[in-house]
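Chain by chain, the residues:
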Amino acid sequence: MDARLSRRTFIRGLVRVIAVAPFLAPAQNSLAAAAAGLEAAESKKARTLAFEHTQTGEKLSIAYAVGGQYVPAALKTVNHFLRDHHTGTVGRMDPALLDLLYDLKQECGDDEPFQVICGYRCPATNRRLRRRSRGVARKSLHMEGRAIDLRLPDMKLADLRDAARDLRRGGVGFYPSRGFLHVDTGEVRFWQGGRAV
């Protein structure tokens, strides 16, 4: 009796599932399509940065990457914007440095443009600055487009330093007396004043 009842209950349940299945499949497909659409939209999300150059007075707001792809024309524009302001020499900025800056902005939750003091630096400029200041490294990462000196106008420099250190994505040099922070894509290290890289 119990076995027959169990079998009968099982068959009734199976019939219900079979009857409902055609209605579940479209819903499941719709959910899968919606999830795929959200994933595609997220992958197309643009990564943007905004800068004000304190030496040239120029401003730039640009989407340098969309999804997982860098935008070549945008990178070229950034290279020109962050050129050696002493000589006008345009270098090639490391896209990983732009990613670091993008993540730093997210970490800070700040919408203001970065104020740039120095981006790319050609070897001749680096040698000249080294003669004037012991704070300039002989093999500066500025010459490789892997370093930038900057600040955020409405954020304490110490808070910006802490946010950059928390990322642990490269070097962080703190220069409070000169009013800027150095970040680079070299080895993870921290310093205050002294020798820049």
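Whatever comes next refers back to the structure up there.
Residues numbered from 1 in each chain as written. Predicted model: local features only at pLDDT ≥ 70, side-chain atom pairs only at ≥ 80, totals over all residues. Heavy atoms only, no water.

Caption draft 1: Summary view of the packing of aromatic side chains. A complete count under the given rule lists four aromatic pairs for this structure. Ring geometry for Y64 versus Y70: centroids 6.2 Å apart, planes at 25°, classification stacked. We classify Y64 as buried; its relative accessible area is 0%. The structure contains a cluster of three or more aromatic residues connected by ring pairs, namely F51, F81 and F114. In this structure, R161 packs its charged tip against the face of F174, placed 4.4 Å from the ring centre. (Phe/Tyr/Trp six-rings, centres within 6.5 Å; stacked < 30°, edge-to-face > 60°. Buried < 20%, exposed > 50% of the residue type's maximum accessible area, 1.4 Å probe, protein only. Lys NZ or Arg CZ within 6 Å of the ring centre and 35° of its normal.)

Caption draft 2: Region of interest: the sheet that holds strand β7 (residues 180-184). Strand order in this open sheet of eight strands is β3-β2-β1-β4-β5-β7-β6-β8, and the pairing throughout is mixed. Two strands lie at the open edges of the sheet, namely β3 (69-70) and β8 (189-192), each paired on one side alone. Sheet analysis places strand β2 (residues 59-66) next to β3, joined by two bridges and oriented antiparallel. By the bridge assignment, A65 is partnered in β3 with Y70. Running over the sheet, helix α2 (residues 72-81) touches β1 (46-53), β2, β3 and β4 (114-118) and is turned about 145° from β2. (Pairing = 2+ DSSP bridges. Helix = DSSP H or I, 4+ residues; strand = E, 2+ residues; numbered from the N terminus. Contact = heavy atoms within 4.5 Å. Axes fitted to C-alpha atoms, helices over the stretch in contact; angles between N-to-C directions.)

Caption draft 3: Inspection of the pairing of β7 at higher detail. In terms of burial, β7 is a largely internal element, five of the five residues being buried. By the alternation rule, side chains of β7 split into F180, H182 and D184 and L181 and V183, which are all buried. Sheet analysis places strand β5 (residues 147-151) next to β7, joined by four bridges and oriented antiparallel. Looking at β7, one finds that A147 is bridged to D184. As judged from the four bridges shared by strand β6 (residues 171-175) and β7, these two strands associate in the antiparallel manner.

Caption draft 4: Expanded view of unusual backbone geometry. Located in the positive-phi region is R168, a residue other than glycine, with phi close to 50°. Inspection of the secondary structure puts R168 in the loop between α5 (157-167) and β6.

Caption draft 5: Layout of empty space enclosed by the protein. Scanning the entire structure with this criterion turns up one cavity of 30 Å³ or more. At the level of secondary structure, the elements contributing two or more residues to the lining of the largest cavity comprise α5, β6 and β7. (1 Å grid on protein atoms, 1.4 Å probe; cavity = no way out; pocket = protein on both sides within 12 Å on 5 of 7 lines; lining within 4 Å. Points joined across faces, edges and corners; volume = space filled by probe spheres on them.)

Caption draft 6: Fine view of the pattern of salt bridges. For the coordinates displayed, the defined rule picks out six salt bridges. Between R47 and D99 there is a salt bridge, with the nearest N and O atoms lying 2.8 Å from each other. Of this pair, R47 sits in strand β1 while D99 sits in helix α3 (residues 95-108), and the two are 52 residues apart along the sequence. For the residue pair R47 and D99, the accessibility class agrees, reading buried in each case. For R189, the salt bridge goes to D184, with nearest N and O atoms at 2.8 Å. What makes D184 buried here is its relative accessible area of 0%. (Salt bridge = Lys/Arg side-chain N within 4 Å of Asp/Glu carboxyl O.)

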